Amino acid sequence: MSTVRIDCELAIIGNGDSIKDASIVYENSKIIYAGEQEHSPESANVIQTKVVTPGFWDSHDHYFGLRKFEYEERFIDPKIKFMRCAWDTKETLLAGVTSVREVGGFGLLLKQSIQEGTITGPRIYAAGSMISMTGGHGDSHSLPAEVFQHFSEKDLIANPIADGVADCLKLVRTHIRSGAEVIKYAASGGVMSEIDPPQYQQYSSEEQHAIVGEAARSEVSVAAHCYGEIGIKTALESGVKTIEHGTYLTEDLCDLMIEKDAILVPTVYTYKGLFDTPEAKDNLPEYGYTKGQLILKTHMTMLKMAVKRGVKIAMGTDIIVTGEYHPIYKHGDNLRELSYLVEGGMTPMAAIISGTQNGPLTLGKRAPKSGLLQTGYDADIVLLHKNPLDDIAVLINRENIQSVIKQGITY
Ligand SMILES: [Zn+2]
């Protein structure tokens, strides 16, 4: 394939730098030049645009294929749910998100379907399903345990249960055997689960060390779903790379995150889109609605503290639904999270860094060369008619996107 050159008024590199009157040149799936236009190599294919950014990373997404939250929905044949996700992956990509760290859902299978060209979507780095303890965030508390056990063996997206070090090791190994590029476990209670308050720690320190240690032997990083203070502390001491959600972070824990070079994925979008709407009460089960309101009270204050304190943050949405059943909560709207990060005290440039450069860092030692407009990196590029540094909301409106390039292919 010959090269393609993009000439633009402004190139936002992804690491905080930007270049005026720039050219980005790529060959096949890799960038071979990113710099000033006057020094750029020639190309027979030149595209003009106003602004370019790297393709974005959603570092906390889910492809579950669930329209609603009732149990009946969960019992629908997994093949139907899987097919629904084709809409979600396509919308994600067209929104400018070229990479997704999928921390629970059909990601492993979707990744292959996308790579084979059967469906359209971002490059997926998947965890498989989240590892949870009995009665934990991944359990379905009102089902008889045997029913849940049966269900989780049949349904590819149900969270498997592991208790004790031996079971935890086995599950991590099983996930890595399935191709997981990140491991996710629940280190605290959750919101969309019935009887486990988000503040409470889940898994002992011993179990958490076992999970992280086993993953580390394969250089796989670990994401801890975590709200409460003690759970966050234990997860960080166990060596997790990312804290997902993090609502009850304290200043001391922010400092510990910086010391450990851990990354916060605050997933504001899901709290705003799912819990902070007039329809929330009708759309959600009562336990989810009640817990969601509690999180909403503190989450933005926590984010402002973390931003001010200098915690490294990666953009992630935590979208748990499929299709267009929730008007302001759906795949394809992923970059709305950047506006919430700005609301949390970031500059537009810092928010863009969290959605580009910081994305691959959530994969630790397995971080791919992605998220930056630099030589040798994946040719993942978003071409824009407007400048998101003037107004980050530019990225929410699809009309502002000229095209999205993923690994050298234009969408
Ligand atoms: Zn999630």
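## Brief notes about the sheet that holds strand 14 (residues 401-406)
- Taken together, seven strands build an open sheet; the order of strands is 3-2-1-4-13-14-15 and the sheet is mixed. Strands with a single pairing partner mark the edges of an open sheet, and in this sheet they are strand 3 (30-36) and strand 15 (409-410).
- Summarising the sheet, strand 2 (residues 18-27) and strand 3 pair through six bridges and their orientation is antiparallel. Pairing of S23 across the sheet is with G35, part of strand 3.

## Description of the coordination of the zinc ion
- The zinc ion binds to the protein through H60 (NE2), H62 (NE2) and D318 (OD); the donor distances cover 2.1 Å.
- Coordination of the zinc ion draws on donor residues from a single chain, spaced H-x1-H-x255-D in sequence. You can see H62 sitting in strand 5 (residues 56-63) and its partner D318 sitting in the loop between strand 12 (312-313) and helix 12 (336-343), a full 256 residues away along the chain. Both residues of the pair, H62 and D318, belong to the buried class.

## Brief notes about the pairing of strand 8 (residues 182-186)
- Extensive coverage of strand 8 is indicated by the burial of five of its five residues.
- Alternating residues of strand 8 divide into V182, K184 and A186 and I183 and Y185, and every residue in both groups is buried.
- Sheet analysis places strand 8 next to strand 9 (residues 221-226), joined by five bridges and oriented parallel. Considered in strand 9, the bridge of Y185 is made with A224.
- Between strand 8 and its parallel partner strand 9, the chain crosses via helix 6 (residues 205-217), and the hand of that crossover is right-handed.

## Let's talk about the pairing of strand 14
- Within strand 14, five of the six residues are buried, which leaves the element mostly enclosed by the surrounding structure.
- Across two bridges, strand 14 lies against strand 15 in antiparallel orientation. Counterpart to K406 in the pairing with strand 15 is I409.

## Re helix 8 (residues 251-260)
- When helix 8 is considered as a whole, its buried residues turn out to be L253, C254, L256 and M257. Angular distribution of buried residues about the axis of helix 8 spans 160°; they occupy a single face of the element. Summarising the geometry of helix 8, the exposed residues directed more than 90 degrees from the buried face are D252 and E259.
- Looking at the buried residues of helix 8, the elements they touch are helix 7 (229-238), strand 10 (242-245), strand 11 (263-265) and helix 11 (286-309).

## Let's talk about the domain arrangement of the protein chain
- When cut into domains, the protein chain gives domain 1 (3-54 + 372-410) and domain 2 (56-366).
- Distance between the C-alpha centres of domain 1 and domain 2: 29 Å.
- Across the boundary between the two partners, domain 1 contributes 23 residues, which contact 27 residues of domain 2.
- Taking both partners together, domain 1 and domain 2 bury about 1,900 Å²; carbon and sulfur atoms supply 66% of that area.
- The interface formed by domain 1 and domain 2 includes one salt bridge.
- For R398, the salt bridge identified is with E91, shortest N-O distance 3.0 Å.
- Our enumeration of links across domain 1 and domain 2 arrives at five residue pairs in polar contact (both at pLDDT 80 or more).
- Among the elements of the structure, strand 4 (45-54) and strand 14 are those that each provide at least two residues to the side of domain 1 that touches domain 2.
- When residues in the side of domain 1 that touches domain 2 are grouped by element, the largest group, four residues, is from strand 14.
- For the side of domain 1 that touches domain 2, the residue count by class is 13 nonpolar, five polar and five charged.

How each quantity is defined
- Residues numbered from 1 in each chain as written.
- Predicted model: local features only at pLDDT ≥ 70, side-chain atom pairs only at ≥ 80, totals over all residues.
- Heavy atoms only, no water.
- Pairing = 2+ DSSP bridges.
- Helix = DSSP H or I, 4+ residues; strand = E, 2+ residues; numbered from the N terminus.
- Donors = N, O, S within 2.8 Å, 3.2 Å for Na, K, Ca; no water.
- Buried < 20%, exposed > 50% of the residue type's maximum accessible area, 1.4 Å probe, protein only.
- Right-handed = clockwise from strand over helix to strand, strands pointing away.
- Arc of directions from axis to C-beta.
- Contact = heavy atoms within 4.5 Å.
- Domains from an automatic or database assignment.
- Buried area = accessible area lost by both parts, 1.4 Å probe.
- Salt bridge = Lys/Arg side-chain N within 4 Å of Asp/Glu carboxyl O.
- Polar contact = N/O pair within 3.5 Å; in protein donor to acceptor, adjacent residues only side chain to side chain.
- Nonpolar A, V, L, I, M, F, W, Y, C, P; charged D, E, K, R; others polar.

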